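Here is what each chain is made of, one letter per residue.
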Amino acid sequence: AVSAITWRLSAAEVAQVVENDRPTLLFAGEALWPLLQAVPEAGSRRACLDARLPQAAHLDDFRSQGSAPPVLVSPDAAAVFIHTAWTDGRPKAAVLTHGNLLAGAAQLRDAWQLTRDDAHLCALPLFHITALTLTLATSVAGGCSVLQAKFDPPQALDTIARHRVTLFGEFAPMLETLLQQPDAPERMASVRHVCGLDLPDTIRRFE
């Protein structure tokens with residue numbers, strides 16, 4: 001299972017999540033590496049995604065080991081831990097199974113009639129269930145997802161136009177800032193579905 005840890009936490013809070021979930025392997029990019037400073041060295045192997053760092057593996061080290069044989073996984077097996085409210089000062093890990101994630105993706109694919117021609121702009125973080133579900137739903141349909149490390153309105157609008165994006169997830173004020181960009185109606189003409197929370201006026205303007 002994967003523990004999807006938000007990079008918005010402090011180093012001490014990340015250490016609490018790691019203590020709670022007890023991962024055997026920690027992946028992080030170099031920019032987020034300082035968030036692991038409060039995590040004890042013992043207990044979890046560490047790997048940096050985009051740089052060679054002392055006392056850490058690199059993503060390429062795993063690629064060089066060759067492909068692993070297929071493994072049968074039960075639909076009831078844990079796939080992802082999504083962390084929710086810290087009501088008592090401790091992280092709450094909502095355990096999502098393989099069956100849960102695939103069933104949700106298939107339902108969204110069918111409800112929105114997604115196909116291999118669909119493209120998803122993933123500008124939300126993948127530790128959030130909205131980004132994860134939309135990415136999986138598009139993949140199950142045979143489409144593609146275009147990832148943005150950080151939401152940037154002009155760049156997002158360029159991505160939508162270039163890849164003819166048909167769906168994306170958002171939270172206010174993301175959609176509003178997109179609609180404020182020059183030529184937004186023409187450049188967003190391919191978008192069929194927007195998923196998230198926003199103000200009624202912004203939704204009406206988009207529609």
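For every chain, the first residue of its written sequence is number 1, and the numbers climb from 1 along that sequence. Predicted model: local features are reported for residues with pLDDT of at least 70 only, side-chain atom pairs are reported and counted for 80 or more only, and whole-chain, interface and lining totals are derived from all residues. For the side-chain quantities, the full set of heavy atoms in the structure was used; hydrogens and water were omitted.

Some details on the overall build of the protein
Item 1. Tallying secondary structure elements over the protein gives eight helices and ten strands in all.
Item 2. Viewed in the frame of its principal axes, the protein has a C-alpha envelope of about 55 × 40 × 35 Å.
Item 3. When burial is assessed residue by residue, the protein has 39% of its 207 residues classed as buried.
Item 4. Across the protein, every contact between residues at least 6 apart in sequence was considered, and the portion connecting residues at least 24 apart equals 56%. A helix here means a DSSP run of H or I that spans at least four residues, while a strand means a run of E at least two residues long, and both kinds are numbered starting from the N terminus. For the exposure calls, accessible area comes from a 1.4 Å probe over protein chains only, and a residue counts as buried if that area is under 20% of its type's maximum, exposed if over 50%, partly exposed in between. We call two residues in contact when some of their heavy atoms are within 4.5 Å.

Points about the sheet that holds strand β9 (residues 167–171)
Item 1. The strand order across the open sheet built from four strands is β8-β7-β9-β10, with neighbouring strands paired in parallel fashion. Every other strand in the sheet has two partners, leaving β8 (144–147) and β10 (193–197) as the edge strands with one partner each. Across the sheet, the axes of successive neighbouring strands diverge by a mean angle of 25°, strand direction being ignored.
Item 2. The pairing criterion is simple: DSSP has to find at least two bridges between the two strands. Bridge count between β9 and β10: five bridges; the pairing is parallel. When the bridges of β10 are listed, glutamate 170 appears paired with glycine 196.
Item 3. Lines fitted to C-alpha atoms define the axes, with helix axes restricted to the stretch in contact, and inter-axis angles between N-to-C directions lie between 0 and 180 degrees. Its contacts with the sheet put helix α5 (residues 153–163) on β7 (119–122), β8 and β9, and the angle it makes with β7 is roughly 170°.

As for the side chain of threonine 138
Item 1. In this fold, threonine 138 is placed in helix α4 (residues 129–140).
Item 2. With near-sequence residues (within four places) excluded, threonine 138 lies in contact with Leu114, Asp118, His120, Gly143, Cys144, Ser145 and Leu167.

Describing the packing of aromatic side chains
Item 1. Any pair of Phe, Tyr and Trp rings, taking the six-membered ring for Trp, is counted once the centres come within 6.5 Å. Such a pair is stacked with planes under 30 degrees apart, edge-to-face with planes over 60 apart, and tilted for the rest. On inspection of all chains with the given rule, the structure shows one aromatic pair.
Item 2. When the centroid spacing of 6.0 Å and the interplanar angle of 75° are considered together, the rings of tryptophan 7 and phenylalanine 127 count as edge-to-face. Taken together, the residues span a long stretch of sequence, with tryptophan 7 in the loop between β1 (2–4) and α1 (11–21) and phenylalanine 127 in the loop between β7 and α4 at a distance of 120 residues.

Quick look at the sheet that holds strand β6 (residues 92–97)
Item 1. A sheet is described by the order of its strands in space; here three strands give the open sequence β1-β5-β6, paired in mixed fashion. Two strands in the sheet have a free side with no partner beyond their single neighbour: β1 and β6. Between one strand axis and the next, the sheet turns by 25° as a mean value, whatever way the strands run.
Item 2. Relative to strand β5 (residues 78–84), β1 runs parallel, the two sharing three bridges. When the sheet's bridge partners are listed, serine 3 is paired in β5 with phenylalanine 81.
Item 3. Across the sheet, helix α3 (residues 98–112) lies against β5 and β6, angled at about 70° from β6, the strand it touches most.

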